[in-house]
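Close look at the chain arrangement
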Amino acid sequence: MRKAAGRPGNRPVAPLRAETNFRPPMTDSPVRVRFAPSPTGYLHVGGARTALFNWLYARKTGGTFVLRIEDTDQERSTDAHTRVILEGLTWLGINWDEGPYFQGAESPRHRADAERLLASGRAYRCFASAEELDAERKLAVAAGRPYRYERARWALSPEEEARRLAAGDPFVIRFAVPDAELAWEDAVHGRISFQGRDLDDFVILRSDGSAIYNLAVVSDDIAMRITHVIRGDDHVSNTPKQIALYQALGAALPVFAHVPMILGTDGKKLSKRHGATAVGDYQDQGILPAAMRNFLALLGWSPGGDREVLTGEELVGLFSLEAIQGKPAVFDTAKLEWMNGQYLSHTGADELLPPVMRQLDRMGVGAKGRDVRALIDAAKARSRTVLQLAEQVAVRLDASRIVLDEKAEKLQKKMGPAFGASLTVAAGALEALTPAEWTPDRLLEAVKHAAETHGLKLGDAMQPVRVALTGGTVSEPVNELLAVVGRDESLARIRAAMARTQDAAPA
Ligand code: GLU
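Rules behind the numbers
- Residues numbered from 1 in each chain as written.
- Predicted model: local features only at pLDDT ≥ 70, side-chain atom pairs only at ≥ 80, totals over all residues.
- Heavy atoms only, no water.
- Helix = DSSP H or I, 4+ residues; strand = E, 2+ residues; numbered from the N terminus.
- Contact = heavy atoms within 4.5 Å.
- Areas by Shrake-Rupley, 256 points an atom, 1.4 Å probe, with all protein chains shown as cover.
- Lys, Arg positive; Asp, Glu negative; His and termini not counted.
- Charge placed at Lys NZ, Arg CZ, Asp CG, Glu CD.
- Buried < 20%, exposed > 50% of the residue type's maximum accessible area, 1.4 Å probe, protein only.
- pLDDT = per-residue confidence, 0-100.
- Near = heavy atom within 4 Å.
- Polar contact = N/O pair within 3.5 Å; in protein donor to acceptor, adjacent residues only side chain to side chain.
- Nonpolar A, V, L, I, M, F, W, Y, C, P; charged D, E, K, R; others polar.
- Pairing = 2+ DSSP bridges.
- Axes fitted to C-alpha atoms, helices over the stretch in contact; angles between N-to-C directions.
- Core = buried A, V, L, I, M, F, W, Y, C linked by side-chain atoms within 4.5 Å.
- Salt bridge = Lys/Arg side-chain N within 4 Å of Asp/Glu carboxyl O.
- Phe/Tyr/Trp six-rings, centres within 6.5 Å; stacked < 30°, edge-to-face > 60°.

A word on the overall build of the chain
When helices and strands are counted, the chain shows 21 helices and twelve strands. If one aligns the C-alpha atoms of the chain with their principal axes, the spans along those axes are about 110 × 55 × 45 Å. Within the chain, contacts between residues separated by at least 24 positions form 76% of all contacts whose residues are at least 6 apart in sequence. When the accessible surface of the chain is summed, it comes to about 24200 Å², and 53% of that surface belongs to carbon and sulfur atoms. Counting 64 positive and 65 negative side-chain charges, the chain places the centres of these two groups 2 Å from one another.

Below, the structure is given as structure tokens:
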């Protein structure tokens, strides 16, 4: 399996444009939502689901969907990751109305907000060094006490603070968390409440003047006039801190909607152990974007009733924050493949042609002047991914790709000499057809007639032919299979199978 870190490097990276001095345009709908990924990795299915819920809500309400890249972790953020995230969203059909804005470009505003909080006494400078704090933490741990930062412990007199400022000593800015209830009505979970006294005075600005996540996010959400913060519920513990910041900055609170986390089928948090977690991997595995989007929408949300296959318009029309479930969602790959199979069977061959051709190319299988669309139409109903579909098409194009599967081997053993005899009967009947007669209807007639004349059950006559043509026991009806594989190629495959069975027969 490819390493996540290796992915972005595999794709060409174009330079990114940083937009600064954000000015939100006026729109009719007051709803403004944002997806705010950190470009420190690929687009995870959880992130894609968060983006999708924001997008659905924006489209449903006629609101604005803002894309903001939170690139403040300079060591781990890369343009390549940003590019992969944008590509993943685009592939899923999640288009944004504004952005991408880059959080890093907004650091002057973050600093100004920290200064405002400092000026109003809602924040203060803390000169305690990392070593001093660490020593205190160790003492607490040794004494078996939980460590807490204590405001009073590090407070300096105004003179001392002025002296250390003048001396150029490094300091961070901490937010003075009020001793008050910090609560909100979560659109998913209902009322959630924290007590300010349970929270430490957290750092909002590092000694190098860069903002910490909670400040940057609140500063940006206020400036971008975000009305609904829809994000993963791993952020619930940040929300009381952010609410306190909104209040201290004199801004109105947005609606918070914390969407449930995603688990694997074993009930554990979804991770690489469960298989692919990057949206790009599903793209590579031949999942169709519309199927992936439909599947992601149902992770933690349900339109009610038992309908599951829904068009993009239906998803938008039915979506509501209230219908998001509070309990964790389960990522079931088998269901995704089922969903993809549903989409494959309803998607036209024209649309499936490009991804199938790309895959055939990778497999080194040429179209040999054949009508690949017809082959796609013949095989799509029995494929769950584009890769499986391409494999089916490849087998129909190229006899060297035929491999007897387990069921075919079993059948051949079970039928014994009857297997070869059936092939002989079929070959005789089929050879009598001219190229012009090689149509599904005539083929069906011919095989039926031959089976009757030789006292064979239709299935017993057909199944060996299917095995000869594909190596498997499941396909479109045999007469259709013969038609798409073509006369000469079908007869050649049947003869080759007859030769194989004769070789295998005991002398
Ligand atoms: N950048 C944060 C993340 O990727 C999201 C912040 C938010 O949605 O408030 O987890």
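Quick word on unusual backbone geometry
That bond from Gly-99 to Pro-100 is cis: its omega, 0 degrees, falls within 30 degrees of zero. Secondary-structure assignment places Pro-100 in strand β3 (residues 98-102). At Arg-225, a position not held by glycine, the phi torsion is positive, near 50 degrees. Here Arg-225 lies in the loop between α7 (213-223) and β9 (228-232). With a relative accessible area of 38%, Arg-225 lands in the partly exposed category. Of note in this structure, Lys-368 is not a glycine but carries a positive phi near 50 degrees. Within the secondary structure layout, Lys-368 lies in the loop between α13 (349-363) and α14 (372-379).

As for the confidence of the model for the chain
Segments scoring low in pLDDT should not have their predicted coordinates read at a detailed level. Looking at the chain as a whole, the pLDDT averages 91, with 93% of positions reaching at least 70. The low-confidence segment residues 1-22 (pLDDT under 50) makes 45 contacts with residues lying over four places distant or belonging to another chain.

A short note on the site of the ligand
Near the ligand the following residues occur: Arg-34, Ala-36, Ser-38, Glu-70, Tyr-213, Val-217, Arg-231 and His-235. A distance of 3.0 Å separates an oxygen atom of the ligand from a polar atom in the side chain of Tyr-213. Within the complex, the protein chains bury 80% of what would otherwise be the 300 Å² of accessible surface of the ligand. Across the shell around the ligand, the residue classes tally to three nonpolar, two polar and three charged.

Regarding the sheet that holds strand β4 (residues 123-126)
Taken in spatial order, the three strands make up an open sheet running β4-β5-β8, and their pairing is antiparallel. Each having just a single partner strand, β4 and β8 (203-205) make up the two edges of the open sheet. Between one strand axis and the next, the sheet turns by 45 degrees as a mean value, whatever way the strands run. By the bridge criterion, two bridges tie strand β5 (residues 172-175) to β8 in an arrangement that is antiparallel. Looking across to β8, one finds that Ile-173 is bridged to Leu-205.

Thoughts on α7
Counting buried positions over the eleven residues of α7 gives eight, a clear majority of the element. On the buried face of α7, the contacting elements are β1 (32-35), β2 (64-69), α3 (107-119), β8, β9 and α8 (239-248). Of the residues flanking the end of α7, it is Arg-225, one or two places downstream, whose phi is positive at about 50 degrees.

Here's the deal with the nonpolar core
Core analysis: the largest hydrophobic core is formed by 100 residues, its most contacted members being Met-292, Phe-331, Leu-430 and Ile-494. Among the elements that take part in this core, helix α1 (residues 45-61) stands out by supplying nine residues, more than any other. In contact with Ile-494, other than residues within four places in its own chain, are Leu-423, Ala-427, Leu-430, Val-465, Ala-468, Leu-469 and Leu-482.

A short note on the pattern of salt bridges
Overall, the coordinates contain 32 salt bridges when judged by the stated rule. Among the salt bridges present, the one from Arg-197 reaches Asp-179, with a minimum N-O distance of 3.3 Å. Pair noted here: Arg-197 is in the loop between β7 (190-195) and β8 and Asp-179 is in the loop between β5 and β6 (181-186), with a separation of 18 residues, a long-range link. Residue classification places Asp-179 among the exposed residues on the basis of a relative accessible area of 59%. Linking Arg-307 and Glu-314 is a salt bridge whose minimum nitrogen-to-oxygen distance equals 3.0 Å. Taking the relative accessible area as the measure of exposure, Glu-314 reaches 27% and is therefore partly exposed. Each of Arg-34, Arg-68, Glu-70, Glu-106, Arg-109, Asp-220 and Asp-221 takes part in a single network of salt bridges with overlapping partners.

So, the packing of aromatic side chains
Overall, the coordinates contain nine aromatic pairs when judged by the stated rule. Arranged with centres 5.5 Å apart and planes meeting at 40 degrees, the rings of Phe-175 and Phe-202 form a pair that is tilted. Of this pair, Phe-175 sits in strand β5 while Phe-202 sits in the loop between β7 and β8; the two residues are 27 residues apart in sequence, bridging distant segments of the chain. According to the relative accessible area criterion, Phe-202 is buried, its value standing at 9%.

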